[in-house]
Amino acid sequence: MWHDAAMISGSRIPVVVPAGRMARNAQPVLSLPCGLELRPWRLDEAGVLVSAGQDPAIHQWNLLRVETLDDARMRIERMHERWQAELGAVWAIAPPGGAPVGLIGLSDIDLKGGSAEIGYWILPPARGGGVVVEATRSVSRWALSDLGLHRLRLCHSVANPASCRVADKAGYSLEGTMRSALLHADGWHDQHLHALVQGDI
């Protein structure tokens, strides 16, 4: 339902997460049951992003466009800037002390409204072992319990059943299909909308 902006500005709707909760703190390192960890990306890992951008599945479903090391380094710098701006939180999925095997993150963070969208990709050698499910559960718990968001959404093309399985195993409920919601290289795709809210985990 549409509401007049003046009415909203005078309302008593509370702020879900106070500004500064992210920027005042370092991005946490999160441990996964499989022995991997989630940690911030480093500039010297730009080559991993370039490799990921060349993987057909990652390129198709994540719209990742990273062709040079300079592009990748700029993207990693933006990850850290978006943490400080409290707009995004991106982790490398990696063995302790090792190179990343994937990425997971929160985008479109709205602290005031208490929501964000989760996304991820994984390189071929690490696929099929449940790593993405573990990472999704870990980031979701952090976002809802530690950061204090109220709602997370996970969206993917209906032609990507692997992401549907990740969402289901991570506890996200399928809420519906958004028609012609995202433009991929082969045209417009319908998207499944999954969500996780406070109290689900």
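For the structure itself, look to the data block above.
These lines cover the structure that appears in this document, whether it is placed above or below.

### So, the overall build of the protein chain
Secondary structure summary: the protein chain contains six helices and eight strands in total. Each helix and strand of the protein chain, ordered N terminal to C terminal, gives the series α-β-β-α-α-α-β-β-β-α-β-α-β-β. Expected size for 201 residues packed as a compact globule is a radius of gyration near 17 Å; at 17 Å, the protein chain falls within 12% of this value. With the principal axes as the frame, the protein chain shows a C-alpha extent of 50 × 40 × 35 Å. Here the protein chain holds 201 residues, and the buried ones make up 43% of them.

### Quick word on the pairing of strand S6 (residues 151-157)
Within S6, six of the seven residues are buried, which leaves it mostly tucked inside the rest of the structure. Both strand S5 (residues 115-122) and S6 contribute to a ladder of three bridges, which runs parallel. Bridge pairing in S6 links Ala-116 to Leu-152. Chirality of the crossover, the property in question, places the unit of S5, helix H5 (residues 131-147) and S6 among those that are right-handed. Bridge analysis of S6 against strand S8 (residues 187-197) gives seven bridges, and the strand direction is antiparallel. In the sheet register, Leu-152 faces S8, and the bridge partner there is Leu-196.

### Some points on the sheet that holds strand S2 (residues 37-39)
Taking strand neighbours across the sheet as the criterion, the eight strands line up as S1-S2-S3-S4-S5-S6-S8-S7 in an open arrangement whose pairing is mixed. Only two strands of the sheet have a single partner each, and these edge strands are strand S1 (30-31) and strand S7 (173-184). On top of the sheet, H5 reaches S1, S2, strand S3 (89-94), strand S4 (102-110), S5, S6 and S8; it is set at about 160° to S5, its chief contact.

### A word on the side chain of Gln-191
With respect to the element layout, Gln-191 can be found in strand S8. Other than its neighbours up to four places away in sequence, Gln-191 contacts Cys-155, His-156, Ser-157, Val-158, Gly-176, Thr-177, Met-178, Ala-181 and Leu-182.

### Concerning helix H6 (residues 161-169)
The set of residues buried in H6 consists of Ser-163, Val-166 and Ala-167. Looking straight down H6, one finds its buried side chains confined to an arc of 95°; they lie on one side. Away from the buried face of H6 by more than 90 degrees, exposed residues Asp-168 and Lys-169 are located. Once H6 ends, the next one or two residues include Gly-171, with phi positive near 95°.

### Points about unusual backbone geometry
In the Ramachandran plot, Glu-86 falls in the positive-phi region, its phi being about 60° despite a non-glycine side chain. With respect to the secondary-structure elements, Glu-86 resides in the loop between helix H4 (69-84) and S3. At Ser-180, a position not held by glycine, the phi torsion is positive, near 45°. Structurally, Ser-180 is set in strand S7.

### Section: helix H2 (residues 46-54)
Structural remark: α-helix, 3.6 residues per turn; residues separated by three or four positions point the same way. The set of residues buried in H2 consists of Ala-46, Val-48, Leu-49, Val-50, Ala-52 and Gly-53. On its buried side, H2 packs onto helix H3 (56-62), H4, S4 and S5.

### Regarding the pattern of salt bridges
Pairs may arise between side chains of opposite charge once their charged atoms sit close together. By the definition in use, this model includes eight salt bridges. Across the pair Glu-45 and Arg-42 runs a salt bridge, and its minimum N-O distance is 2.9 Å. Judged by its relative accessible area of 5%, Glu-45 falls in the buried class. What makes Arg-42 partly exposed here is its relative accessible area of 38%.

The rules behind each value
- Residues numbered from 1 in each chain as written.
- Predicted model: local features only at pLDDT ≥ 70, side-chain atom pairs only at ≥ 80, totals over all residues.
- Heavy atoms only, no water.
- Helix = DSSP H or I, 4+ residues; strand = E, 2+ residues; numbered from the N terminus.
- Rg over C-alpha atoms; globule rule 2.2 N^0.38 Å.
- Buried < 20%, exposed > 50% of the residue type's maximum accessible area, 1.4 Å probe, protein only.
- Pairing = 2+ DSSP bridges.
- Right-handed = clockwise from strand over helix to strand, strands pointing away.
- Contact = heavy atoms within 4.5 Å.
- Axes fitted to C-alpha atoms, helices over the stretch in contact; angles between N-to-C directions.
- Arc of directions from axis to C-beta.
- Salt bridge = Lys/Arg side-chain N within 4 Å of Asp/Glu carboxyl O.

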